[in-house]
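Each chain, written out:
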Amino acid sequence: TVIRVGIPVHVKNQKDCPGLIKGGVLNLVRHEVEVYCKAMDIPEEIAVDLTGLDVGYSIHLGQVKLPSGVKPVKEGDFTLITLVAPSAMKSEVDEAVSADAAAGTAEAEADATPGTASAAPGDAPAAAPAKDAGKGKK
């Protein structure tokens, strides 16, 4: 008899996962997968191997070998797990990007010579301070 049953998703080889070693966070998107299988052939688990995975990777159902005769109830190649950067790692990356952007802006300002039209977008024109300099004097 073919039945419908939920099979738990378990991860293997965490110690061989560079993303977790770097401090990444394992996000178990599906704790179990509903499948159709024979009542006598119910798998104990759906094993997901983390060996070699880095931050930013994900594992989908199509990447996992299901036992013979086991078919998922839900169609499609849905995500089982993702490996994401922790908040601290994300903020370090954001700070590095901001620092690079600030360095690029500072270099652009240093390279610009007075009187040229090489101002960055959003910068006030070079003549603006001189226009306001005489205000308040009679």
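Overview of the structure. (Residues numbered from 1 in each chain as written. Predicted model: local features only at pLDDT ≥ 70, side-chain atom pairs only at ≥ 80, totals over all residues. Heavy atoms only, no water.)

## Focus on the pattern of salt bridges
With the rule as written, the count across this model stands at three salt bridges. A salt bridge links R4 to E34, with the nearest nitrogen and oxygen atoms 2.7 Å apart. Of this pair, R4 sits in strand 1 (residues 2-12) while E34 sits in strand 3 (residues 32-38), placing them 30 residues apart in sequence. Given a relative accessible area of 37%, E34 falls into the partly exposed group. Of the charged contacts, one joins D54 and K22 as a salt bridge, the two residues approaching to 2.8 Å between their closest N and O atoms. Placement of D54 in the loop between strand 4 (46-49) and strand 5 (58-60) and of K22 in the loop between helix 1 (18-21) and strand 2 (25-28) is noted, with a sequence separation of 32 residues between them. (Salt bridge = Lys/Arg side-chain N within 4 Å of Asp/Glu carboxyl O. Helix = DSSP H or I, 4+ residues; strand = E, 2+ residues; numbered from the N terminus. Buried < 20%, exposed > 50% of the residue type's maximum accessible area, 1.4 Å probe, protein only.)

## Comments concerning the nonpolar core
V33, I46, V48, L50, L53, L80 and I81 are the most contacted members of the largest nonpolar core, which totals 20 residues. Counting only elements with at least two residues in this core, the list comes to strand 1, strand 3, strand 4 and strand 7 (79-84). Apart from the residues lying within four places of it in its own chain, the contact partners of L50 are V11, K12, N13, Q14, D16, C17, L20, L26 and I81. (Core = buried A, V, L, I, M, F, W, Y, C linked by side-chain atoms within 4.5 Å. Contact = heavy atoms within 4.5 Å.)

## Re unusual backbone geometry
The backbone of N13 shows a phi angle near 65°, a positive value even though the residue is not glycine. Position of N13 among the secondary structure elements: in the loop between strand 1 and helix 1. Judged by its relative accessible area of 29%, N13 is partly exposed.

## A short note on the environment of E34
Considered as a pair, E34 and P72 are 38 residues apart in the sequence and their alpha carbons are 6.0 Å apart. Excluding residues that lie within four positions of it along the chain, E34 makes contacts with R4, V5, G6, P72 and V73. Looking at E34, its side chain comes within polar contact range of the side chain of R4, at 2.7 Å. (Polar contact = N/O pair within 3.5 Å; in protein donor to acceptor, adjacent residues only side chain to side chain.)

## Some remarks on the sheet that holds strand 1
If you trace the four strands from one edge of the open sheet to the other, you get 4-1-3-6, paired in mixed fashion. Two strands lie at the open edges of the sheet, namely strand 4 and strand 6 (71-72), each paired on one side alone. Two strands pair when backbone bridges link them, and strand 1 and strand 3 are joined in this way by seven bridges, in the antiparallel orientation. Looking across to strand 3, one finds that P8 is bridged to E32. (Pairing = 2+ DSSP bridges.)

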